[in-house]
Amino acid sequence: MKRFWTGTLAAIVVTCATALSAAPLKLQPANPQPSGLKPGLAVRYAYPVDVRTLVEASSALKIKSERGRPLAGLDHRDTNEGDITLTSKRSEHVVAGINGYVHFAKPGIHSIDFLTNDGLRATIGGQVVGKFDGRQTCDSTVMSEVEVPSAGWYKLDILYFQRLGTACLHMRMGAAGKRPSWMPDKAFGH
């Protein structure tokens, strides 16, 4: 038994050390930089009978989706049960394909995470920076460390789903070593 715990502890230490020493994900700025963007983010909705995974969410959008009212940004606080999810028509069994751009005012190393209820896959500048494939209450994804090579606009694509109960979707960011804060609506365009 002692050998099992020693091996398990060693594996945990190696995994944590590897995660801590991993290089930041290098984001690619939009090229060319967009101009004349509308505020917020574009969104398409699907309303499947049920949705439990990102694969099911992606399939639902491919089968049948409709354009929704744009999102002002990514600060959607946890709803009450029965409240509408984001700008959709329903409170439950909602899939959203969200896209546009996010503006980074300063280059450098930043930490990004998302709060989501339920599933999420978020890609910025060609890198997956947030992912949760399942159901959860409004909780955070794993923090991603990213390298922003220059100030400007970066392409953003999000696959999101809400299954039952309440819904939330937030994006937070902070300079490396600083506490992340909510991304303001003005940072998004489409």
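This section reports on the structure supplied with the text.

About the cut-offs
- Residues numbered from 1 in each chain as written.
- Predicted model: local features only at pLDDT ≥ 70, side-chain atom pairs only at ≥ 80, totals over all residues.
- Heavy atoms only, no water.
- Buried < 20%, exposed > 50% of the residue type's maximum accessible area, 1.4 Å probe, protein only.
- Helix = DSSP H or I, 4+ residues; strand = E, 2+ residues; numbered from the N terminus.
- Pairing = 2+ DSSP bridges.
- Disulfide = S-S within 2.5 Å.
- Phe/Tyr/Trp six-rings, centres within 6.5 Å; stacked < 30°, edge-to-face > 60°.
- Lys NZ or Arg CZ within 6 Å of the ring centre and 35° of its normal.
- Contact = heavy atoms within 4.5 Å.
- Arc of directions from axis to C-beta.

Burial analysis of strand β5 (residues 94-104) places eight of its eleven residues in the buried class, which makes it a mostly covered element. In this structure, strand β2 (residues 42-46) lies alongside β5, joined through five bridges in antiparallel fashion. Residue pairing across strands places arginine 44 opposite glycine 97, the latter belonging to β5. Where β5 lies against strand β11 (residues 152-162), eleven bridges are found, and the strand directions are antiparallel. Within β11, the residue paired with tyrosine 101 across the bridge is lysine 155. Where β5 meets strand β14 (residues 188-189), two bridges bridge the pair, whose relative direction is antiparallel. Along β14, the bridge assignment pairs valine 102 with phenylalanine 188.

In the segment running from asparagine 31 into proline 32, the intervening peptide bond is cis, with an omega of 5°. Looking at the element boundaries, proline 32 is found in the loop between β1 (25-26) and β2. Note the cis peptide between asparagine 117 and aspartate 118, where omega equals 25°. As for its position among the elements, aspartate 118 is in the loop between β6 (108-117) and β7 (119-124). Within the chain, leucine 86 stands out as a residue other than glycine whose phi angle is a positive 50°. What makes leucine 86 buried here is its relative accessible area of 16%. Here histidine 93, not a glycine, exhibits a phi torsion of approximately 55°, which is positive. Note on placement: histidine 93 falls in the loop between β4 (75-76) and β5.

By the definition in use, this model includes one disulfide. Disulfide pairing is shown between cysteine 138 and cysteine 168; the S-S distance is 2.0 Å. Taking the sign of the S-S torsion, about 100° here, the bridge from cysteine 138 to cysteine 168 comes out right-handed. Here cysteine 168 lies in strand β12 (residues 168-175) and cysteine 138 lies in the loop between β8 (127-132) and β9 (139-140), a separation of 30 residues in the sequence. Overall, cysteine 138 belongs to the partly exposed group, its relative accessible area being 24%. A relative accessible area of 1% means that cysteine 168 is categorised as buried.

All right, on to the packing of aromatic side chains then. Across all of its chains, the model carries two aromatic pairs by this definition. Considering the side-chain rings of tyrosine 45 and tyrosine 47, the 6.2 Å spacing of their centres and the 25° angle between planes classify their relative orientation as stacked. For tyrosine 45, a relative accessible area of 2% puts it in the buried group. Here the guanidinium or amino end of lysine 155 rests over the ring plane of tyrosine 101, the centre of that ring lying 5.7 Å away.

By the element assignment, arginine 135 lies in the loop between β8 and β9. In this structure, the C-alpha to C-alpha distance between arginine 135 and glycine 119, residues 16 residues apart in sequence, is 6.2 Å. Those residues in contact with arginine 135 that lie beyond four places of it in its chain are Asp118, Arg163 and Leu164.

The subject of this paragraph is helix α2 (residues 54-63). Of the residues making up α2, those classed as buried are Leu54, Ala57, Ala60 and Leu61. Across the axial projection of α2, the buried residues extend over an arc of 120°, all falling on one side. α2 presents Val55, Lys62 and Ile63 as exposed residues on the side facing more than 90 degrees away from its buried surface. Those residues of α2 hidden inside the fold are in contact with β2, β5, β7, β8 and β11.

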